[in-house]
Amino acid sequence: MKKIYIDGAFYPENEAKISVFDHGLLYGDGIFEGIRFYNGRVFKLEEHIDRLYDSARAIALTIPLSKAAMTEATLESCRQNELRDGYIRLVVTRGVGDLGLNPKNCPRATVIIIAASIKLYPEELYRNGLSVVTCATRRMTPGALSPAIKSLNYLNNILAKIEAGDAGEGLMLNEQGYVAECTGDNVFVLKNGRLFTPTISAGALRGITRGVVLDIAEEFGMPVKEADLTRYDLFTADECFLTGTAAEIIPVVNLDSRAIGEGTPGPLTAKFITRFRELTQATGASIY
Ligand code: PXG
């Protein structure tokens, strides 16, 4: 049975419960992180913790733990569950309040840490590549809710995911029609040996895996450009792939019924995947 951290204590999963008056549930008022650990090490833990605290600042939420204490609680969650490989979900909600949306009525944020596992796509899609369809649901605009905040408001992405259905992953555009990201992954294209990805201001989350891929490109000496991309840039790409903590790096071979490149995972994508796997196996904060 899993052991779940809630506000400083560990509970068996069937006893890990929060109040129905928690504003995370009532209003989606809160933030989260998805983190992976490999081979007894938490990959990019500091970056995830930093992004969590940035999300908190952006929604004026006080996390009742220091970054050091949150880091330790995260590592302890892995230990309590005796895991060496898996997935961690950190959730911080506005906490228990009343039936009114005013956050001032929530005296203390609720902190939840789940250490478990995640599998987003079947293994064959990593070998054969994923098909992507463009969703009619646009990525929300920064003026409404910044897509850079990893908030508990994922309806925008979930509605896009519903549209994508069984076809594969859903590509989301911003209000101007530029590519933002997929429903839970950042997008990259390779063209003539250069790597392109949408800018953060186009409506993409500042993905931790995105950052790792940009670092790998630098290591490879590959030119990189964060740019305004349209579907045309994906249709005409040599190669395309998605990145995310849960998805890792997954090749995309089709967009809206057009084959991308040769219609099979490309050689440069394979190089990124190989290097990414090396880094995930050999770096990160030690759990034990
Ligand atoms: N865009 C969005 C909207 C995301 O939610 C990413 C990009 C990739 O970011 P990272 O930092 O993970 O490289 C995400 C992250 C899930 C799940 O349950 C989704 C994410 C992370 C973990 C689990 O589908 N999305």
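Since this is a predicted model, take the numbers as computed values, not measurements.

A. Local environment of the overall build of the protein chain. A count of helical and extended segments in the protein chain gives eight helices and 16 strands. Rg of the C-alpha trace for the protein chain: 19 Å, near the compact-globule value of 19 Å for 288 residues, within the 12% margin. By its C-alpha atoms, the protein chain is 55 × 40 × 30 Å across when sized along the principal axes. Counting across all 288 residues of the protein chain, residues that qualify as buried make up 49%.

B. Quick peek at empty space enclosed by the protein. If you walk through the whole model with that rule in mind, you get two cavities of 30 Å³ or more. Each pocket or cavity is described by its volume, and for the largest cavity that value is around 60 Å³. Taken together, Arg36, Tyr38, Phe43, His48, Ile208, Thr209, Thr245 and Phe276 make up the full set of residues lining the largest cavity. Secondary structure elements with two or more residues in the lining of the largest cavity: β3 (30-38) and α6 (208-220). Each of two domains, domain 1 (3-116) and domain 2 (123-282), supplies a minimum of three residues to the lining of the largest cavity. One number sums up the size of the second largest cavity: a volume of about 40 Å³. Around the second largest cavity, the lining residues are Asp238, Glu239, Cys240, Pro251, Val252, Val253, Ile260, Thr264, Pro265, Gly266 and Thr269. Ranked by the residues each element gives to the lining of the second largest cavity, the list is headed by strand β14 (residues 248-255), at three residues.

C. Looking closely at the packing of helix α2 (residues 45-58) against helix α3 (residues 67-80). Interaxial distance between α2 and α3 falls to 11 Å at its minimum, and their mutual angle equals 125 degrees. With respect to their mutual orientation, α2 and α3 come out oblique. Both α2 and α3 take part in a crossing whose hand is right-handed. Contact residues: Leu45, Ile49, Asp50, Leu52 and Tyr53 in α2; Lys67, Met70, Thr71, Thr74 and Leu75 in α3. Looking at the contact of α2 with α3, its residues break down into six nonpolar, two polar and two charged.

D. Highlighting the pairing of strand β11 (residues 194-198). Most of β11 is tucked away: four of the five residues are buried. Relative to β11, strand β10 (residues 186-191) runs antiparallel, the two being bridged by three bridges. Bridge pairing links Lys191 to Arg194 in β11. Pairing of β11 with strand β12 (residues 224-227) involves four bridges; the strand directions are parallel. When the bridges of β12 are listed, Thr197 appears paired with Glu226.

E. Region of interest: the site of the ligand. In the neighbourhood of the ligand, 22 residues make up the surrounding shell, with Tyr154, Glu181, Ile208, Thr209 and Thr245 lying closest. Within the side chain of Lys150, one N or O atom sits 3.2 Å away from an oxygen atom of the ligand. Within the side chain of Tyr154, an N or O atom sits 2.5 Å from an oxygen atom of the ligand. Coverage of the ligand by the protein chains reaches 90% of its 540 Å² of free accessible surface. Here the ligand is seated within the largest pocket. Mapped by element, the contributors of at least two residues to the shell around the ligand are β5 (86-93), α6 and β13 (239-244). Tallied by class, residues from the shell around the ligand come to seven nonpolar, nine polar and six charged. Two domains each put at least three residues into the shell around the ligand: domain 1 (3-116) and domain 2 (123-282).

F. Representation of the environment of Thr209. Mapping Thr209 onto the fold places it in helix α6. Thr209 sits 88 residues away from Tyr121 along the chain, and the two C-alpha atoms are 16 Å apart. In this view, Thr209 contacts Thr243, Gly244, Thr245, Glu248 and Phe276; residues no more than four positions away in its chain are not counted. A polar contact of 3.2 Å, which involves the side chain of Thr209, links it to the backbone nitrogen of Thr245.

G. Structural detail: the side chain of Glu169. Note on placement: Glu169 falls in strand β8 (residues 169-173). For Glu169, the side chain forms a polar contact with the side chain of Thr183, separated by 2.5 Å. Once you skip the residues sitting within four places of it in the chain, Glu169 turns out to touch Tyr121, Leu130, Ser131, Val132, Val133, Lys161, Ala164, Cys182, Thr183, Asp185 and Leu242.

H. A look at a nonpolar patch on the surface. Taken together, Val20, Phe21, Leu25, Leu26, Tyr27, Val96, Leu99 and Leu101 make up a surface patch of nonpolar side chains, about 780 Å² in accessible area. With respect to the helices, strands and loops of the structure, Leu101 is situated in the loop between β5 and β6 (110-116). Residue Leu101 is classed as exposed on the basis of its relative accessible area of 62%.

About the criteria used
Residues numbered from 1 in each chain as written. Predicted model: local features only at pLDDT ≥ 70, side-chain atom pairs only at ≥ 80, totals over all residues. Heavy atoms only, no water. Helix = DSSP H or I, 4+ residues; strand = E, 2+ residues; numbered from the N terminus. Rg over C-alpha atoms; globule rule 2.2 N^0.38 Å. Buried < 20%, exposed > 50% of the residue type's maximum accessible area, 1.4 Å probe, protein only. 1 Å grid on protein atoms, 1.4 Å probe; cavity = no way out; pocket = protein on both sides within 12 Å on 5 of 7 lines; lining within 4 Å. Points joined across faces, edges and corners; volume = space filled by probe spheres on them. Domains from an automatic or database assignment. Axes fitted to C-alpha atoms, helices over the stretch in contact; angles between N-to-C directions. Parallel < 35°, antiparallel > 145°, perpendicular 65-115°, else oblique. Left-handed = near helix turned anticlockwise from the far one by under 90°. Contact = heavy atoms within 4.5 Å. Nonpolar A, V, L, I, M, F, W, Y, C, P; charged D, E, K, R; others polar. Pairing = 2+ DSSP bridges. Near = heavy atom within 4 Å. Polar contact = N/O pair within 3.5 Å; in protein donor to acceptor, adjacent residues only side chain to side chain. Areas by Shrake-Rupley, 256 points an atom, 1.4 Å probe, with all protein chains shown as cover. Sits in = over half its atoms within 2 Å of the grid points. Patch = residues over 30% accessible without salt bridge, like charges linked within 9 Å, V, L, I, M, F, W, Y side chains within 5 Å. Salt bridge = Lys/Arg side-chain N within 4 Å of Asp/Glu carboxyl O.

Structural measurements only, silent on function.
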